Every structure is written in C-alpha cells, then in structure tokens.
Amino acid sequence: MLLRFGLNAEIVFNKDIAPEAANAVGAVVLEANELLFRRGVPAEVSENEVGRITDWSVSGNTLSIKIESGPYTRAHDAFLRFKKAVTPVMGKHRLGVRGIEVRNFSISMKGEIPKSAIPKLPMISDVTIEEDGIVLHLSLSLADLEKKLPDRLVKLVEEKIEAEAYGGKAEHWELLYESPKRPLHYDKNPSDELLKIGWAKHGASRGQWIFGPQAVELIRALETIAVEEIIKPLGYKEMIFPKLVPWDVWKQSGHAKGVYPEIYYVCAPKSRDPAYWEDVSDYYKVTGDVPVEMIRDRIEGPIGGMCYAQCPPFWPFVKGETLSNGCLPIKVFDRSGTSHRYESGGIHGIERVDEFHRIEVLWFGTIEQTVRTADLLHEAYTRIFDEVLELEWRCAKVTPWFMAQEGLVGVSDTSSVGTRDYEAILPYNGDWLEFQNVSVNGNKYPKGFNVKIQSGEECWSGCSGIGLERWTAAFLAQKGFDRSKWPESVLKLVGEPEDVFEFL
Ligand code: ATP
Ligand code: ZN
Ligand code: MG
C-alpha cells in the first residue's frame, strides 16, 4: 500500500525567537533534510519517500514546522528527530521549549480499502475517501507521536483488510487423525437425559449447570483419567492459576486485541464503606429489587474479566525471568477453577456453556522441546481416547484467528505453530464436538511476558485445554447411561449411582 504522512506542528519557546536563532533553525532544517532523516534509510530509496521538512516559519516565540513523508522516516519520526536536534541549538540562544502542539496529522493510504477497514476511533477526526484510497486526519499529541500511534493505525487498517480477505473462514482446518468407528450405544442428547434423571439442573445464571453427585462421579472419573493416566505420567506438576484476569495480563497475552465480546467483566466497588452502600441496601429492603443502576454508579470500570483462556494468568509467575536449561521444558497444569465465556445464543447442553471446568496443561522451553512436548501429549491423548475411553474421535490441525492475525501463518519455521483440535462424534445429531485442543503458540507468550531461556534460543510455549463438560458430553453421547456399555477404566472409578436427594 502506498503511504504518505503529513504533519504540521508548532514548537513554542519561552521567549521570542530572535533572527540569529531563526538562522540557526534554518541550518538545522537543512541538515535534517540532507542527513538526519536519511539515517537508516537504504540508499536506493528516492527522496520523496523519505521524511522532509517542506516548510517552516518563525513568529514570535513559535516555530512552525511542516513535514511530509512516504514510508521512510515517517513524518512523526522525522519530527521527533528534528525536535531532538533543534532543542540544544536553541538552548545556545537561551531559548527553552515550553510546549509542542501537533496541529495536523494526516495519513494517506492508496489502494483498495473497504469502508469496513477504516477504524472508528476518537483520534481520527475526519476521513476523506478518494478514488484511489483514503486520507485519515488525526488529532494527536506529542505523546501519541512518541508512541508511534500513526504506525499502529496503518497496521490496524492493513490487518482489517487482511481479515476481510480471510473472510468468514476464521480457521483453517486439516484432518490429522481419525479413530476407528465404534459401535453405537446411544442416540439421544445426554444433556436432556441428565436433566430428566435429575443428575444435573440448570444453574440460576445463564449457561451454568449445577451437577448432582451422580454426574460429578463421572466428571471426576474422567478428570482422574486425564490427570493420572496422561498429565502426571508425562511429568506435569500441578499449580493454581488465578481466575480473575486484569487487563495487563490480557495486554501481554494478546487477548486484549479481541476478547471483548465473550468476557465476563469484573468491577470492584468504589468504596467499601457501608455508608456508601446504605441507600443501595435500603432500596433493596424496601422494594425487593436490586437497584442495578445505583450499583453501576458505585463501581469502578472493569479491572478485567473472569478466566477466559486458562493460561494467561500463569505467565506473571515467570514474567521477566530467565529459566535455566536444567529446568526446561517447564511442564505444569491447573484445574483450580472455572472458566467463563459469554457464549450468547450459542449455549447448548452441558457442552457449550458460559461457566465451565477445564484442566489447562502448559509447557515451555526451546522450540524443539515445545514441539516435542506437544507431540508426546498428542500420543498420550490418542492412546487414552482409543484404548481407555474407546471413543470415536478425530484430530485436526486448525489455525486460530490470533495466529492468522499476527501473520505467523506460512512463515518458514513456524509450520509447527498452531492448534490441534480434538473432536468427538455426537451420534444424536451427527455433529463433531471439539472437546479439547493442543496448541503450540510459538513465542507469543514468552515474548509478551518477556520470558527468556538460558541458552539464549527462542523460547516457545504450548498449552492444552481439557474441557471436562465437553469430555463428559462426548462420553455420554457415545456410551449412554447404561453402565454395561461403559469401558472398564471408567467403571472402576465410579460407584453405583446413589440418589442423595429425594424430592417429595
Ligand atoms: P468452540 O469453537 O467450541 O467455541 P473454542 O475454540 O472457543 O471452542 P478454545 O478457546 O480452544 O475453544 O478453548 C479450549 C477448550 O475449552 C475447548 O476445547 C473446550 O474443551 C473448552 N471450552 C471452550 N469454550 C467452552 C464452552 N463455552 N463450554 C464448555 N467448554 C468450553
Ligand atoms: Zn492456553
Ligand atoms: Mg468458542
């Protein structure tokens, strides 16, 4: 895409700029255009692609600067370089910078840019649509220039164009393994049956279940198989990861780029003084209604959300650290609490819910260790699903949206980056249900959380999410409730179902 940047800025000094000082500015401008802005730019790049001060003037205590550029030493970079060069020169004339005002900033992008790729952001004050592209007019501060905000905006537009091209197919899908067919034992939706026989009931919140003792015996039996037959034998150690995730963690994990539609947000009260809340409780006592609007006034904006993906809140444990060769690969897992996702209209049975239970397996080390660890895990899963749980299942390589988005796809040595989805057939509707996955996430997390390894090699990580509701749904959908059809491995972990509740 053809890019042009334009900037008008004013540097205001503590007193009027005398003619000698103005002459000095002229010299700095010349040097900037000839040398300073060419620094780091390949020699073959033509002059009009590089940042250039195209106009400047002095009036009273104010120096006005106009800069234009193509993609090299972009107008904002050029301005910062100029500012750094001119400040000491003006100092010699006893002039100190009192303020900097960015008057105009424009980015012209040539190419086919669909309207939907133009972001709606408060710093974009105006958009001009031209025949061969667009011009974004920005209102920016000096701090925005320092944060390279114009570069990020360009990248965002490019990503949006790419996402559009990627289209509805959010994932690339490629079959890796398909298990033998299994005899059909059951053809109903097990969630309906769980409700009917009273083993589980809907929770009071949307997409939430209360599992009774009989259902939990099965869920825990499956969990035990996962932990005792797969995770522990492979050397993973249990940890407890937090379940309330603040923005900082999601910024570093990358989730802050797109997780918003599915988060359960968390807010803290503005004060814990009972007097601050007295009218809220009084209102409830008198009306019997909880006054949500009054509460909204008394809570802070969300500090983050409930656990969405299980591994991001682990990473602060190793953030900024260098791990010794001897301890690698690190292999840990967490099963300490619930995950929460706003699935909206998608909720279905026990398998697609807003509150679920998952074991998260996490590992990291060198690239080789990380890929090998994922392969070993895959082998163990295959053995368990085929020989122990006797499921009809398949495994496919998928490329999740964030990898596609971050341009990792197709880059030469990242072919092992990606996710393997494990799917089980649901005989009652013929659909395949993703019941877990294994991901090799490349350097995404180690980079985001600044984690290094002793050898200085690139650090990679992986994770695997075992959804217990999904395992249970897959198991019951295929095996049904007649225990004579259950594999021995599960039977020996569950007792005879006992009715603890007797409703009159
Ligand atoms: P889906 O495409 O089915 O929504 P996903 O791609 O969103 O799944 P991941 O983000 O890969 O799922 O989550 C990892 C695992 O967490 C899944 O394999 C599944 O076991 C579990 N999981 C995710 N969302 C839910 C949910 N809403 N209810 C129950 N389990 C879930
Ligand atoms: Zn994970
Ligand atoms: Mg999902």
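Residues numbered from 1 in each chain as written. Chains lettered and ligands numbered in written order. Predicted model: local features only at pLDDT ≥ 70, side-chain atom pairs only at ≥ 80, totals over all residues. Heavy atoms only, no water.

A. Seen up close, the site of ligand 1. The environment of ligand 1 is made up of 14 residues, and the closest members are Glu343, Arg352, Val353, Glu434 and Asn437. Arg470 places a polar side-chain atom, nitrogen or oxygen, 3.1 Å from an oxygen atom of ligand 1. Taking 590 Å² as the accessible area of ligand 1 by itself, protein coverage stands at 80%. Mapped by element, the contributors of at least two residues to the shell around ligand 1 are β17 (355-366), β20 (431-440) and β22 (459-467). Classifying every residue of the shell around ligand 1 by side-chain character gives 3 nonpolar, 4 polar and 7 charged. (Near = heavy atom within 4 Å. Polar contact = N/O pair within 3.5 Å; in protein donor to acceptor, adjacent residues only side chain to side chain. Areas by Shrake-Rupley, 256 points an atom, 1.4 Å probe, with all protein chains shown as cover. Helix = DSSP H or I, 4+ residues; strand = E, 2+ residues; numbered from the N terminus. Nonpolar A, V, L, I, M, F, W, Y, C, P; charged D, E, K, R; others polar.)

B. How the structure looks around the nonpolar core. Ranked by size, the top nonpolar core spans 57 residues in total, and within it Phe385 and Leu389 carry the most contacts. The element contributing the most residues to this core is helix α6 (residues 213-231), with 10 residues. Setting aside residues no more than four positions away along its own chain, Leu389 makes contact with Leu222, Ile225, Ile384, Trp471, Phe475, Lys479, Pro487 and Val490. Among the nonpolar cores identified, the runner-up in size contains 47 residues, and Val29, Ala75, Leu138 and Leu145 belong to it. (Core = buried A, V, L, I, M, F, W, Y, C linked by side-chain atoms within 4.5 Å. Buried < 20%, exposed > 50% of the residue type's maximum accessible area, 1.4 Å probe, protein only. Contact = heavy atoms within 4.5 Å.)

C. Structural view of a nonpolar patch on the surface. There is a patch of nonpolar side chains on the surface, built from Tyr284, Val290 and Val292 and spanning about 290 Å² of accessible area. By the secondary structure assignment, Val292 is in helix α9 (residues 292-297). (Patch = residues over 30% accessible without salt bridge, like charges linked within 9 Å, V, L, I, M, F, W, Y side chains within 5 Å. Salt bridge = Lys/Arg side-chain N within 4 Å of Asp/Glu carboxyl O.)

D. Highlighting the packing of aromatic side chains. Scanning all chains against the criterion turns up 27 aromatic pairs. Look at Phe475 and Trp486: their rings are 5.3 Å apart centre to centre, the planes differ by 75 degrees, and that puts the pair in the edge-to-face class. Of this pair, Phe475 sits in helix α13 (residues 468-479) while Trp486 sits in the loop between α13 and α14 (488-491), and the two are 11 residues apart along the sequence. For the pair Phe475 and Trp486, a shared accessibility class is recorded, and that class is buried. One aromatic cluster in this structure is built from Tyr177, Tyr381, Phe385, Trp393, Tyr422, Phe435 and Trp471. A cation over an aromatic ring shows up here: Arg341 above the ring of Tyr308, its NZ or CZ 3.9 Å from the ring centre. (Phe/Tyr/Trp six-rings, centres within 6.5 Å; stacked < 30°, edge-to-face > 60°. Lys NZ or Arg CZ within 6 Å of the ring centre and 35° of its normal.)

E. Region of interest: the sheet that holds strand β3 (residues 62-69). Read from one edge of the open sheet, 6 strands run β2-β3-β1-β4-β6-β5, paired in antiparallel fashion. The open sheet is flanked by β2 (52-59) and β5 (124-130), the only strands paired with a single partner. Going from strand to strand, the sheet's axes swing by 15 degrees on average, the running direction of each strand aside. Relative to β3, strand β1 (residues 2-13) is paired through 8 bridges, and the arrangement is antiparallel. Note on β3: the bridge partner recorded for Val12 is Thr62. Across the sheet, helix α1 (residues 19-34) touches β2 and β3, and the angle it forms with β2 is around 170 degrees. The strands touched by helix α2 (residues 75-92) within the sheet are β1, β2, β3 and β4 (97-110), with β1 carrying the most contacts at an inclination of about 25 degrees. (Pairing = 2+ DSSP bridges. Axes fitted to C-alpha atoms, helices over the stretch in contact; angles between N-to-C directions.)

F. Broad picture of the pattern of salt bridges. Under the counting rule described, the total for this entry stands at 25 salt bridges. Note that Asp77 and Lys148 form a salt bridge whose closest N and O atoms lie 3.0 Å from each other. Taken together, the residues span a long stretch of sequence, with Asp77 in helix α2 and Lys148 in the loop between α3 (142-146) and α4 (149-166) at a distance of 71 residues. The shortest N-O distance in the salt bridge between Arg296 and Glu293 comes to 2.8 Å.

G. Spotlight on the domain arrangement of the protein. Parsing the protein into structural domains produces domain 1 (2-166) and domain 2 (169-267 + 302-491). Computed from C-alpha coordinates alone, the two centres of domain 1 and domain 2 are separated by 46 Å. (Domains from an automatic or database assignment.)

H. Spotlight on the coordination of the zinc ion (ligand 2). Distances from the zinc ion (ligand 2) to its protein donors, Cys311 (SG), Glu360 (OE) and Cys463 (SG), fall within 2.0 to 2.3 Å. Donor residues for the zinc ion (ligand 2) sit on one chain with the sequence pattern C-x48-E-x102-C. Note that Glu360 is positioned in strand β17 and Cys463 in strand β22, a separation of 103 residues in sequence. Under the relative-accessibility criterion, Cys463 is labelled buried at 10%. (Donors = N, O, S within 2.8 Å, 3.2 Å for Na, K, Ca; no water.)

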